[in-house]
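Residue-level structural notes
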Amino acid sequence: MIINERDLRHQSVVEAAHRMMTAARTAPKAKGVDIIEIALVEEREDLEKLAEAMRRRSEETGFKFLLRDADNILQGEAVILIGTRRHTQGLNCGYCGYSACGQNPVQNPCALNSIDVGIAIGSACSVAADLRIDTRVLFSAGWVSEMLPWLPGCSQTIAVALSASSKSPYFDRKPKEQK
C-alpha cells in the first residue's frame with residue numbers, strides 16, 4: 001500500500017494535538033491545583049464557526065487583527081484551546097494588584113491562574129516543536145472562543161493554531177481590512 005503524506009496530514013496534526021494536550025495537562029500548576037481546561041477543535045465545520053465568530057467580533061470591536069487571525073486558523077488543521085477556571089490560591093501574594101486574595105474582585109483573574117495557562121501553552125508548544133508541527137499562539141481566537149460553549153466557565157482562554165504544511169501560514173502574516 002502506498003500512502004501519500006497529504007492524505008494523512010490532518011490525522012498527523014490531530015495525533016500531535018493529543019500529545020500537546022497531554023503536555024498541557026501535566027505542566028506544573030500553582031500549588032498543584034489543576035484548574036485548566038483543554039479542548040481540541042479539529043473539524044473543519046467547528047474551525048469555520050470559530051472563524052465566523054472572530055469576524056463578528058471584529059465588526060463589533062473594530063479590531064482588524066481578528067480578521068487576519070480568523071483566516072489564519074482556517075489555513076491550519078486544528079486549534080487547541082487552553083483556558084482556566086478562576087481559583088484564587090490563597091497566597092495573598094499581591095501579584096494580581098491586590099494585597100489579599102479576598103480583595104480581588106471576581107471579574108479580575110488570579111495572576112497565578114494566568115501563569116498556569118502560560119506554562120501549559122509553553123509545554124504544549126514544545127511538544128509541537130519536537131513533532132515539527134507549526135503553531136501560532138493566538139489570544140484572539142481564545143478570547144472569541146469564550147463566546148462559544150466549548151470551555152464553559154473558563155476565562156483567559158488562549159488558542160494554539162496548528163498546521164503541517166510546506167510553509168507555516170503563521171508567519172509573514174498581512175493585516176486584513178474589514179469588508
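It should be noted that the structure appears before, not after, this text.
Model, not experiment: these values are computed from the prediction.

The next thing to look at is the sheet that holds strand β3 (residues 134-138). Spatially, the 4 strands line up as an open sheet ordered β1-β2-β4-β3, and their pairing is antiparallel. Strands with a single pairing partner mark the edges of an open sheet, and in this sheet they are β1 (36-41) and β3. Each neighbouring strand pair of the sheet contributes to a mean axis angle of 20°, computed without reference to strand direction. In this sheet, strand β4 (residues 155-163) lies alongside strand β2 (residues 78-84) in antiparallel orientation, the contact comprising 6 bridges. Within the sheet, the bridge partner assigned to Val-79 lies in β4 and is Ala-161. Strand contacts of helix α1 (residues 5-26): β1, β2, β3 and β4, with the helix running at about 175° to β1, the strand carrying the most contacts.

Let us look at the environment of Pro-109. If you trace the backbone, Pro-109 turns up in the loop between β2 and α4 (111-130). It is 9.5 Å that separates the C-alpha atoms of Pro-109 and Thr-84, two residues lying 25 residues apart in sequence. The contacts of Pro-109, once residues within four sequence positions are left out, are Arg-86, Cys-96, Asn-104, Ser-114 and Gln-156.

Definitions and limits used
- Residues numbered from 1 in each chain as written.
- Predicted model: local features only at pLDDT ≥ 70, side-chain atom pairs only at ≥ 80, totals over all residues.
- Heavy atoms only, no water.
- Pairing = 2+ DSSP bridges.
- Helix = DSSP H or I, 4+ residues; strand = E, 2+ residues; numbered from the N terminus.
- Axes fitted to C-alpha atoms, helices over the stretch in contact; angles between N-to-C directions.
- Contact = heavy atoms within 4.5 Å.

Read these as geometric descriptors, not functional statements.
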